[in-house]
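Here's the letter readout for the chains.
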Amino acid sequence: MKKKSDKKLGMERPISRRDFVQGAAVVAGAAFQSGALAAQGRAMPHMTSNEGGADTSAIAYPPIKTGMRGSHSGAYEIAHALARDGAVLTTDEPITEHYDLIVVGAGISGLAAAHYYQQRFGPTVRILLLENHDDFGGHAKRNEFHQSGDMVLSLGGTHNLEWWRFSEVVKTFMADHDVDYEAMRDNMTFAYGRDAPNSPAMWFDQDTYGTSRLVTNFNLSAQLSDEDIDSVPISEAGRLSLKQFYRSGPTLEGWSEDKAGRILANTSYPDFLRKYGGLTEDAVQLFDKEEHGSWGLEMRAISAGEALWEGYPGAHLFGEEWSQDSAGYPVAMWPDGNASLVRLIVAKLMPHVAPEATADNVALARFDYSQLDEEAASVRLRLNSTVIGLENTDKGVAVTYASSTGKLRRISSQHAVLACYHSIIPYLCPTMGTAQKEALKYQVKVPMILTNVLIRNSEALNKLGVDAISCPGRLHARLFLFKGISTGGYERSENPSEAVSLVFWGSISPPKDAIDIRSQLRASRQQLLDLTFSDFEREVRTVLDELLGPAGFDVAEDILAITVNRWPHGYAYEYMQLWDPEWEPGKAPHQIARQPFGSIAIANADAGASAYTHVAIDQAHRAIRELSDSP
Ligand SMILES: Cc1cc2nc3c(=O)[nH]c(=O)nc-3n(C[C@H](O)[C@H](O)[C@H](O)COP(=O)(O)OP(=O)(O)OC[C@H]3O[C@@H](n4cnc5c(N)ncnc54)[C@H](O)[C@@H]3O)c2cc1C
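Model, not experiment: these values are computed from the prediction.

Definitions and cut-offs
Going along each chain's sequence as written, the residues are numbered from 1 onward. At least 70 in pLDDT is required for a residue's local features to be given in this predicted model, at least 80 for side-chain atom pairs to be given and counted, and no such filter applies to totals for whole chains, interfaces and linings, which use all residues. Side-chain numbers come from the whole structure's heavy atoms, not from hydrogens or water. Every helix listed is a DSSP run of H or I at least four residues long, and every strand listed is a run of E at least two residues long, numbered separately from the N terminus. Atoms considered for the radius of gyration are the C-alpha atoms alone. The globule rule reads 2.2 Å times the number of residues to the power 0.38. Only heavy atoms enter the contact rule, under which two residues are in contact if any of them lie within 4.5 Å. As used throughout, the charge tally considers Lys and Arg to be positive and Asp and Glu to be negative, leaving His and the chain termini uncounted. Every charge is mapped onto a representative atom, which is NZ of Lys, CZ of Arg, CG of Asp or CD of Glu. Boundaries of every domain are those given by an automatic assignment or by a domain database. In this description, buried area is defined as the sum, over both parts, of the accessible area (probe of 1.4 Å) that is lost when the two are combined. Salt bridges are counted wherever a side-chain nitrogen of Lys or Arg sits within 4 Å of a carboxyl oxygen of Asp or Glu. Any pair of nitrogen or oxygen atoms within 3.5 Å is treated as a polar contact; in protein, a donor-acceptor pairing is required on top of that, and neighbouring residues in sequence qualify only through side-chain atoms on both sides. The definition used for a disulfide is geometric: two cysteine sulfur atoms within 2.5 Å. Axes here refer to lines fitted to C-alpha atoms; in helices the fit is confined to the stretch in contact. Angles between the N-to-C directions go from 0 to 180 degrees. Here roughly perpendicular refers to angles of 65 to 115 degrees, roughly parallel to angles under 35, roughly antiparallel to angles over 145, and oblique to all remaining angles. Only Asp, Glu, Lys and Arg are considered charged in this grouping, and only Ala, Val, Leu, Ile, Met, Phe, Trp, Tyr, Cys and Pro are considered nonpolar; every other residue, Gly among them, is considered polar. What makes a residue near a molecule or strand is one non-hydrogen atom of that residue sitting within 4 Å of it. Using the Shrake-Rupley algorithm and a 1.4 Å probe, accessible areas are obtained, with residue cover drawn only from the displayed protein chains. Two rings from Phe, Tyr or Trp (for Trp, the six-membered ring) form a pair when their centres sit within 6.5 Å of each other. Planes less than 30 degrees apart are called stacked, planes more than 60 degrees apart edge-to-face, and all others tilted. Burial status follows relative accessibility: with a 1.4 Å probe on protein chains alone, a residue under 20% of its type maximum counts as buried, one over 50% as exposed, and anything between as partly exposed. When DSSP finds at least two bridges between two strands, those strands are taken to pair. Definition used in this section: a nonpolar core is a set of buried Ala, Val, Leu, Ile, Met, Phe, Trp, Tyr and Cys residues joined via side-chain atoms within 4.5 Å.

### Focus: the overall build of the protein chain
Next, step 1: Across its full length, the protein chain carries 23 helices and 20 strands.
Next, step 2: The C-alpha radius of gyration of the protein chain comes to 25 Å, within 12% of the 25 Å expected for a compact globule of 631 residues.
Next, step 3: Dimensions along the principal axes, computed over C-alpha positions, put the protein chain at roughly 70 × 65 × 45 Å.
Next, step 4: In the protein chain, once contacts between residues fewer than 6 apart in sequence are set aside, the share between residues at least 24 apart is 73%.
Next, step 5: On the protein chain, the mean spot of the 59 positive side-chain charges and the mean spot of the 80 negative ones are 5 Å from each other.

### Description of the domain arrangement of the protein chain
Next, step 1: Here the domain parsing of the protein chain yields domain 1 (23-75 + 140-195 + 445-571), domain 2 (91-136 + 372-443 + 575-626) and domain 3 (234-318).
Next, step 2: Just the C-alpha atoms count here: the centres of domain 2 and domain 3 sit 41 Å apart.
Next, step 3: Counting residues at the interface gives four residues for domain 2 and 13 residues for domain 3.
Next, step 4: Summed over both sides, the interface between domain 2 and domain 3 buries roughly 560 Å², with carbon and sulfur atoms accounting for 60% of that surface.
Next, step 5: For domain 2, the biggest contributors to the area lost against domain 3 are Met576, Gln577 and Leu578; these three give 89% of the whole.
Next, step 6: Viewed at the interface, domain 3 and domain 2 are joined by zero salt bridges.
Next, step 7: Run the count over domain 2 and domain 3 and you get three residue pairs in polar contact (both at pLDDT 80 or more).

### Section: the state of the cysteines
Next, step 1: A complete count under the given rule lists zero disulfides for this structure.
Next, step 2: Residue cysteine 420 stays outside any disulfide, its sulfur separated by 8.2 Å from that of cysteine 429, the closest cysteine.

### Focus: the packing of helix H6 (residues 168-176) against helix H23 (residues 613-626)
Next, step 1: Where H6 meets H23, the closest approach of the two axes is 9 Å, and the angle between their N-to-C directions is 100°. The pairing of H6 with H23 is recorded here as roughly perpendicular in orientation. Facing H6, whose interface residues are Val169, Val170, Phe173 and Met174, H23 presents His614, Ile617, Asp618 and His621.
Next, step 2: Of the residues belonging to the contact of H6 with H23, the class tally is five nonpolar, two polar and one charged.

### Some details on the packing of helix H5 (residues 108-121) against H6
How two helices pack is summed up by the angle between their axes together with the distance between the axes.
Next, step 1: Between H5 and H6, whose axes approach to 12 Å, the crossing angle comes to 90°. Overall, the two elements H5 and H6 adopt an arrangement that is roughly perpendicular. Together, Ala112, His115, Tyr116 and Gln119 of H5 and Val169, Phe173 and Asp176 of H6 make up the contact between the two elements.
Next, step 2: Of the residues in the contact of H5 with H6, the class split is four nonpolar, two polar and one charged.

### Things to note about unusual backbone geometry
Next, step 1: Backbone geometry at aspartate 178 places phi at a positive 55°, although glycine is not the residue there.
Next, step 2: Here aspartate 178 lies in the loop between H6 and helix H7 (181-186).
Next, step 3: Positive phi, normally seen in glycine, also occurs at alanine 609, with a value near 45°.
Next, step 4: In this fold, alanine 609 is placed in the loop between strand S20 (600-602) and H23.

### Describing the site of the ligand
Next, step 1: Surveying the vicinity of the ligand reveals 33 residues, the closest of which are Glu131, Asn132, His139, Ala605 and Thr613.
Next, step 2: For the ligand, an oxygen atom lies 3.1 Å from a polar atom in the backbone of isoleucine 108.
Next, step 3: A distance of 2.8 Å separates an oxygen atom of the ligand from a polar backbone atom of serine 109.
Next, step 4: Here the ligand loses 98% of its free accessible area of 990 Å² to cover by the protein chains.
Next, step 5: Taken together, the elements giving at least two residues each to the shell around the ligand come down to H5, strand S6 (160-162), strand S12 (386-393), strand S19 (559-571) and H23.
Next, step 6: When residues in the shell around the ligand are grouped by element, the largest group, three residues, is from S19.
Next, step 7: Residues that form the shell around the ligand fall into these classes: 15 nonpolar, 16 polar and two charged.
Next, step 8: Shared between two domains, the shell around the ligand takes at least three residues from each, and those domains are domain 1 (23-75 + 140-195 + 445-571) and domain 2 (91-136 + 372-443 + 575-626).

### Digging into the packing of aromatic side chains
Next, step 1: Per the counting criterion, the structure on display carries 24 aromatic pairs.
Next, step 2: Judged by centre distance (5.3 Å) and plane angle (70°), the ring pair of phenylalanine 245 and tyrosine 246 falls under edge-to-face.
Next, step 3: Among the residues examined, tyrosine 246 registers a relative accessible area of 1% and is labelled buried.
Next, step 4: A ring pair is formed by tryptophan 255 and tyrosine 276, whose centres lie 5.0 Å apart and whose planes are at 85°; its orientation type is edge-to-face.

### Some details on the sheet that holds strand S15 (residues 446-455)
Next, step 1: Reading across from one edge, S1-S19-S15-S18-S17-S16-S7-S8 is the order of the eight strands in this open sheet, with mixed pairing throughout. With partners counted over all chains shown, the strands left at the sheet margins are strand S1 (67-70) and strand S8 (213-216), one partner each. Sheet twist, expressed as the mean angle between neighbouring strand axes with direction ignored, is 25°.
Next, step 2: With two bridges connecting them, strand S7 (residues 201-204) and strand S16 (residues 468-470) associate as parallel partners. Paired with methionine 202 across the bridge in S16 is serine 470.
Next, step 3: Its contacts with the sheet put helix H20 (residues 533-548) on S1, S7, S8, S15, S16, strand S17 (478-482), strand S18 (500-506) and S19, and the angle it makes with S19 is roughly 120°.

### Quick look at the pattern of salt bridges
Next, step 1: Taken as a whole and assessed by the stated rule, the structure comprises 31 salt bridges.
Next, step 2: One salt bridge in this structure joins lysine 445 and aspartate 606, with 2.8 Å as the shortest N-O distance. Of this pair, lysine 445 sits in the loop between helix H17 (434-441) and S15 while aspartate 606 sits in the loop between S20 and H23, placing them 161 residues apart in sequence. Note on accessibility: lysine 445 and aspartate 606 belong to one class, buried.
Next, step 3: In this structure, the salt-bridge partner of arginine 541 is glutamate 537, at a minimum N-O distance of 2.9 Å. On the criterion of helical spacing, the pair formed by arginine 541 and glutamate 537 is a turn pair, its members being four residues apart in helix H20. A single burial state applies to arginine 541 and to glutamate 537, both of which are buried.
Next, step 4: One salt-bridge network, held together by shared partners, links Glu97, Asp373, Arg380, Arg382 and Arg409.

### Observations concerning the side chain of serine 470
Next, step 1: Along the chain, serine 470 falls in strand S16.
Next, step 2: Classification of serine 470 by relative accessible area gives buried; the value is 5%.
Next, step 3: Side chain to side chain, serine 470 and glutamate 290 meet in a polar contact 3.2 Å long.

### Things to note about the nonpolar core
Next, step 1: Counting residues in hydrophobic clusters, the biggest one holds 60 residues, and the most contacted among them are Phe136, Leu341 and Phe367.
Next, step 2: Broken down by secondary-structure element, the contributors of at least two residues to this core are strand S2 (95-104), H5, strand S3 (127-130), H6, H7, helix H15 (339-349), strand S11 (379-382) and H23.
Next, step 3: By size, the runner-up hydrophobic cluster in this structure holds 57 residues, among which are Met188, Leu242, Phe272 and Tyr312.

Below, the structure written as structure tokens:
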């Protein structure tokens, strides 16, 4: 198949101008449903596809910005100058403001830290949260679309609550914010990937496989039949190797537990498939990106033991039954991911920002961003502010940050909490001890991408009978239709003729010569930062043209908006069998890293070495407990 030109893909289509034509409906919908635009007397948001979402008229309400979001332009350059280029950023400015607590980073951990500080020291304490992005929530971001006339919500990062490991602290936190996660679960029909109602499916693209083929009811983790495997467009030898593997008897049943444990922990899953499953290279490649979403990693970074635990095939070689039962997994979601949790925390800390917000209406409630940094309020949240230095003093902590104008400012507090990424902390606190700095640098976050594509309707997907698709050959390893969640006052029918977000989801494959895990993560991060919005747009349009075009989807007309949420610093690093030793109790890097430093305590999901919302909350709770009564 001949490659389509950018013009045929609709790349030159001014999405912004098309939105302009639909303008009246956009503004009415946005203002009515979120209240934010109307209240701020802002001009209509014109949705752009520009790098950095250059729609300045929409700055007052960031969730509606499209284009390059997540770690957007302007948010990270100063931090990179400090950490990557060794820039020396100092100022003699006098200290102008003083707080009881300054929190660095307004993600879930930073916001939870503010909550726990109020609980410990009383409701009248003065707290300032400094955040380098133009929106609060950290990874838990909301993408809000109005281009179809109605409000369509989607997630920009953190997806859901997985409550099977909630501590009593987290359960109480949820109750304090009126979050009934079990009821939320009852209000959702959405399910991911392999559990989705019309799925799973795998799409083999023209560029990678020489043919465009969508195979429905196809799941590499289930026991594939010979007939299923015949649909896979790889070499004859590759298909044969798959057939032999999936129908294999218990060839490894004779291994002792000790031998199995040792080999599974020290062999990457692709190597296991090659060596013990007999798969050819092109058959192994089918698995490469399967964990781009859940782990954010290429399969070669994952041990065979971890992969089998995740349900990937191979346990049958040890005589185990095939099983695919994940229906009972306790997961609850809001229609904007965990951004609704963030909104509930903000509304509790700063009631004047969202006076009407409750757990029952949080998806629709108005949030007035102009009130976030209100001088008279006891809790203030200052966006577009990158902290560049903290110093313990005899009165507490002196903090230097770069304001939204780029001007360096100095402020102080009795206590501080670093709820930001751990890898930046050694540069913010240069006088910290070497061992702690090294431990903090151990946390190299996993890059992630979540691209929302607002499509006019889902009729083409409906026609094809799919709603979640693996794409082993493409940039985003998986797509899923994001619908079926009615929580927080948001209700949207699942009518296929309505606009909906198709989520392109995954990570970035590192170059093959990036061997150790940190080189892989750093190389993927750089690749992610090097991709422009146009690169993403072209990719999305190419995929949808080839995949859905035959079912009537017109990429030039049916894409209403694109928001790329790039997260170069995504998941917190979790220790892995192939890359990390067994640490002695209390000696793991995250445990050394999170020790208090004078009047500064350390939170963030990194402090738990585990990329979960409940971990971010638990770590905030611990950090506040560790602060002294006085500096
Ligand atoms: C795409 C994606 C999907 C995820 N899905 C899930 C999920 O479904 N369920 C789940 O439980 N977890 C999920 N996670 C994990 C997620 O990281 C945590 O759940 C949680 O949101 C982390 O919160 P945090 O406050 O610890 O960190 P963050 O959300 O990273 O917040 C830290 C904040 O500090 C800011 N910051 C950093 N440096 C500075 C500085 N110098 N000055 C000022 N501010 C600074 C950052 O910009 C950021 O906003 C996901 C993560 C990603 C990236």
